[in-house]
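# Per-entry structural report
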Amino acid sequence: MKRIIFLLSFICAYVISFAQEMPSVAGVKFGWSYSQCKQILDNRFNGGKISNQYVPNELYYNDVYFANEYFSYVRFRFQVDSSNNTYLSYISFFASFDINDTKNVKNKRDRLFNFYKEKYEFRWSDVDKDGWKYYVLGYDPFKIEDGFVVIAASKMDTQAGVPKLWTELHYGPINFIDPQDEI
């Protein structure tokens, strides 16, 4: 009898955790499938035209406006389970700057932080290994100890190998699939 009660309690907790309202960003919700998100995001970031995507389980758009700011590109990443179901898990916005434009990178990062702290609870800030400050806000819906939004600045090369400074806005990742199961 104790096993049955434990099993029912576990099942209820599991169902409730998935039944909770997932965060929504740019008109799509975390946990939605690739196909659900693609149509909405093509309308929002690609002028309604069907986009050609080149990386599996990822949606990528250039030159976007979001949160009252311009971004060089945005990337939506999806987890895939063993049945090939997809789940929106991670969103990253990137704004590039010339390598010497430290002032504008920091200003954009701080503008985003001031804008976002009105919607998401500020959790903590820190400095990364390269000395760039970052902010963490909100709560991961499955792991309350984790943050949900990270606003940062960084230095990294473009795909062409050109060094740039970046202001970054990240949502997630929210793990719908245990990363250990993907090994």
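Heads up: the structure comes first, above all this text.
The structure displayed is predicted, hence computed values, not measured ones. (Residues numbered from 1 in each chain as written. Predicted model: local features only at pLDDT ≥ 70, side-chain atom pairs only at ≥ 80, totals over all residues. Heavy atoms only, no water.)

A word on the overall build of the protein. Along its length, the protein carries 3 helices and 9 strands. Helices and strands appear in the protein in the N-to-C order α-β-β-α-β-β-β-α-β-β-β-β. Considering the protein as a whole, with its 183 residues, one finds that 39% of them fall into the buried category. Excluding contacts between residues fewer than 6 apart, the proportion of contacts in the protein whose partners are at least 24 apart in sequence is 45%. (Helix = DSSP H or I, 4+ residues; strand = E, 2+ residues; numbered from the N terminus. Buried < 20%, exposed > 50% of the residue type's maximum accessible area, 1.4 Å probe, protein only. Contact = heavy atoms within 4.5 Å.)

With antiparallel pairing, the 7 strands of this open sheet are ordered in space as E3-E4-E5-E9-E8-E7-E6. Where the open sheet ends on each side, the last strands, each with one partner, are strand E3 (58-66) and strand E6 (122-127). The average angle at which neighbouring strand axes cross in this sheet is 25°, direction not considered. Along the sheet face, helix H2 (residues 34-45) touches E3, strand E4 (69-80) and strand E5 (86-97) and points at about 30° away from the line of E3. Contacting E3, E4, E5, E6, strand E7 (133-137), strand E8 (149-157) and strand E9 (163-171), helix H3 (residues 102-116) crosses the sheet at an angle of about 5° to E9. (Pairing = 2+ DSSP bridges. Axes fitted to C-alpha atoms, helices over the stretch in contact; angles between N-to-C directions.)

The next subject is the nonpolar core. Residues Phe30, Phe66, Phe76, Phe93, Tyr116 and Tyr171 are the most contacted members of the largest nonpolar core, which totals 39 residues. Elements supplying a minimum of two residues to this core: H2, E3, E4, E5, H3, E7, E8 and E9. The biggest single contributor to this core is E5, with 5 residues. Every residue in contact with Phe30, bar those within four places of it in the chain, is listed here: Met22, Pro23, Val25, Leu88, Ser89, Tyr90, Ile91, Phe148, Tyr171, Ile174 and Phe176. (Core = buried A, V, L, I, M, F, W, Y, C linked by side-chain atoms within 4.5 Å.)

When you line up the elements, Ser33 lands in the loop between strand E2 (28-29) and H2. Classification of Ser33 as buried rests on a relative accessible area of 18%. A polar atom in the side chain of Ser33 sits 3.3 Å from the side chain of Ser35. (Polar contact = N/O pair within 3.5 Å; in protein donor to acceptor, adjacent residues only side chain to side chain.)

This part covers the pairing of E9. Most of E9 sits inside the fold, with 8 of its 9 residues counted as buried. Here E5 pairs with E9 via 7 bridges, running antiparallel. In the sheet register, Ile91 faces E9, and the bridge partner there is Tyr171. Strand direction decides the pairing type here: E8 and E9, joined by 9 bridges, are antiparallel. Bridging across to E9, Ala153 finds its partner in Thr167. The hairpin formed by E8 and E9 contains 5 residues between the paired strands, and Gly161 there has a positive phi angle of roughly 90°.

What follows is about H2. In an α-helix, one turn spans 3.6 residues; hence positions three or four apart end up facing the same way. Relative to the 16 Å expected for 12 residues at 1.5 Å per residue, H2 spans 15 Å between its end C-alpha atoms, a close match to the ideal helical length. The complete set of buried residues in H2 reads Cys37, Lys38, Leu41, Asp42 and Phe45. The arc that holds every buried residue of H2, seen down its axis, measures 130°, which confines them to one face. Exposed residues pointing more than 90 degrees away from the buried face of H2 are listed as Ser35 and Gln39. On its buried face, H2 sits against E2, E3, E4 and E5. The positive-phi residue at the C-terminal boundary of H2 is Gly47, with phi of around 60°. (Expected span 1.5 Å × (residues − 1). Arc of directions from axis to C-beta.)

All right, on to the pattern of salt bridges then. Inspection of the entire model under this criterion finds 10 salt bridges. Across the salt bridge formed by Asp42 and Lys38, the nearest N and O atoms sit 2.7 Å from each other. Highlighted residues: Asp42 and Lys38, both in helix H2, separated by 4 residues, approximately one helical turn. On the basis of relative accessibility, which here comes to 4%, the residue Asp42 falls in the buried class. For the salt bridge of Arg111 with Glu69, the shortest nitrogen-to-oxygen distance reads 2.7 Å. Here Arg111, found in helix H3, pairs with Glu69, found in strand E4; they are 42 residues apart in sequence, far enough to count as distant. With a relative accessible area of 42%, Arg111 lands in the partly exposed category. (Salt bridge = Lys/Arg side-chain N within 4 Å of Asp/Glu carboxyl O.)

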